[in-house]
Amino acid sequence: MSAQAAEVLRQLADPGAVPRYLAEVPRSKLIALVVAAVTVLPVLPVLLSHSVDIIKNIFLRRRIVLVRADGTKRSPPGPSTSFWQYLTLGHLGDLMAGNVVPYLVKNQAKYGPVYTMLTMAGRPWIVCADPKVLYAVLSTNAYDFGKPKEDTEFLEVATGSRNVLIMVGDDHKARRRILNPMFNAKLLKGFYPVLEESADEALETIAADPSTPRNIQEFSSALTLNVIGRTMLSTDFDAFGPTTSPLLKAYTDLALLAEFTTWNLLLGMIPILWWLPLPSNIRSWNARNAVFDEVARMISSKRAALQAGKAASDHAPSLADVLVAELERPDSRLSAIDVRDELLVMLAAGHDTSGITVTMTAYYLARYPAVQERLYNEIKGVDSQDLATCEYFNWVINESLRLHSPAYVTSRIATKDLMISMTSGESLHVPKNGVVVIPFQPIHLDPQIWGADATEFRPERWSKIRIAVSAAEVPETGCDAAGNRVLHPYEFFPFSGGPRACIGRQFAMMEIRVLVARLVARFHIRVPAGGELERRGDAGPEVQYGITAHPLRVELTFAPRV
């Protein structure tokens, strides 16, 4: 060792060396050093983790292959990727810039029903519109797939973790066995008066000033929020009241987390960001606590009433009443947290999707007055409980859901290596941890399924279409004996499918029918002349893509029927 090196080591060993050095450093440089350390050091583990993810994702992507009948392999097609995209957000920037669904529709037309694209750190998505593959992913092999972690962590902020939307595997099976019987005909039938009263209450606000253009999306969202509150939670949001209820304000703030923004995307990818004391995070924390605490308080109140032998109310039971009754059973498999989280997910998933469908159905009826009048003549005088038998009404709702699916995409992650047969005769190898993205909306707009007029609102197309219950029911010719086209169950599935299909789909359809019928029975719905919607023409309303496809501003006018 040189004498110079020995002297450096001697100085470092001196306990007073560091304090003397710091004392000699100018205060401004010292502050800059501390700020740099506080800023950079917490980021280093994230950068290291990101680098590891990039390497892991390179190997994961190489294992996603299409296997031909002769055993040869090829990589799935997909958009080209720059070096910068590999290191950062992959194709997510293109996805957001291309307005999500149009971007996915363009890719599906260009690359076919199965292709790959990259997300953060080069993680591959297998975007799949092949019905045979989807039948395996969502039905026959449903429990070989879970929910991607970045999706569940994001959703748990608003819904908690102990609910049927988040659970996977045996936990999910057990929870569905508990919940499925609760959505029975008796419970749903009791909701009709609530639906009618809520709709009529809301329509009075339109009747007070029918000629002024009204944003029907705000109206529908408020209406369905009232409905969900009264039928599911035994809570009144009073969304049309003169003052905003604290619960409504809190839920509105919490719902901002569902928007598809760069920040929300980063929250899903890097959960540690959620804990930074930023104004937006603090607002979300407070909103989350308010909503969670209110639902927990309601559950405690119902439990106390049951334990005291008091009837909850004189009206039909809500889902909350049914869940709390189950909770109080001696052999119950539910906890108070389970009940809270199930009600939260019903609130989050139930009100927005139905509200969007009511909005878009009203919009299509306004654009196509002849359809609106035919529908009015069919439902005129029909009791709410008989609306499901109105054939043309069902065509209208199906066409609205097809052209604008509120849940426009979902995803699954493989829990093991899988080889899945494709319609083309090839097989898709999905490796463990491979993410399969199911693009509902692009499938519902595919000209190869729906014809050259796939983007047009034409309810009459449903007069010659039947949706098969299972893949085995689809004839080789694609038509049944009556000449109807028989679609694969995964060619039209706005409520998803298989054991993870929307548990509240029957209630949602019932709600949509009643609310739209009350609206059409009372008003002529029109697109304002010279307004934004008329200028946009066939492009329709602008849409913000988050957890759902949310139309931003749908201004319509309403003329009372005489």
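As the structure is a prediction and not an experimental result, all values here were calculated from the model. (Residues numbered from 1 in each chain as written. Predicted model: local features only at pLDDT ≥ 70, side-chain atom pairs only at ≥ 80, totals over all residues. Heavy atoms only, no water.)

Draft legend 1. Expanded view of the overall build of the chain. Scanning the chain from terminus to terminus reveals 24 helices and 16 strands. Sorting the 562 residues of the chain into buried and exposed places 49% on the buried side. Summarising the internal contacts of the chain: among those between residues at least 6 apart in sequence, 71% fall at separations of at least 24. When the accessible surface of the chain is totalled, it reaches about 26800 Å², and 58% of it is carbon and sulfur. (Helix = DSSP H or I, 4+ residues; strand = E, 2+ residues; numbered from the N terminus. Buried < 20%, exposed > 50% of the residue type's maximum accessible area, 1.4 Å probe, protein only. Contact = heavy atoms within 4.5 Å. Areas by Shrake-Rupley, 256 points an atom, 1.4 Å probe, with all protein chains shown as cover.)

Draft legend 2. Region of interest: a nonpolar patch on the surface. On the surface, Ile-55, Ile-58 and Phe-59 cluster together into a nonpolar patch covering about 280 Å² of accessible area. Inspection of the secondary structure puts Ile-55 in helix H4 (residues 43-62). (Patch = residues over 30% accessible without salt bridge, like charges linked within 9 Å, V, L, I, M, F, W, Y side chains within 5 Å. Salt bridge = Lys/Arg side-chain N within 4 Å of Asp/Glu carboxyl O.)

Draft legend 3. Main features of the pairing of strand S4 (residues 124-128). Most of S4 is tucked away, with five of its five residues classed as buried. In textbook terms, the turn of a hairpin is the stretch between consecutive antiparallel strands, and for strand S3 (residues 114-118) and S4 this stretch comprises five residues, one of which, Ala-121, has a positive phi near 60°. (Pairing = 2+ DSSP bridges.)

Draft legend 4. Region of the structure containing the packing of aromatic side chains. One pass over the structure, following the stated rule, counts 15 aromatic pairs. The interplanar angle of 80° and the centroid separation of 4.9 Å between the aromatic rings of Phe-440 and Phe-493 together place this pair among those described as edge-to-face. Here Phe-440, found in helix H21 (residues 440-444), pairs with Phe-493, found in the loop between strand S12 (485-487) and helix H23 (505-522); they are 53 residues apart in sequence, far enough to count as distant. A residue is classified by how much of its surface remains accessible, and Phe-440, at 2% relative accessible area, is buried. Relative to Phe-558, the ring of Phe-523 lies with its centre 6.0 Å away and its plane at 75°, an arrangement referred to as edge-to-face. Note that Phe-523 is positioned in strand S13 (residues 523-526) and Phe-558 in strand S16 (residues 555-560), a separation of 35 residues in sequence. With respect to class, Phe-523 is no different from Phe-558; both count as buried. Looking at Lys-173, its charged tip hangs above the ring of Tyr-143, at a distance of 4.7 Å from the centre. For Arg-402, the ring lying beneath its charged end belongs to Trp-450, and the centroid distance is 5.1 Å. (Phe/Tyr/Trp six-rings, centres within 6.5 Å; stacked < 30°, edge-to-face > 60°. Lys NZ or Arg CZ within 6 Å of the ring centre and 35° of its normal.)

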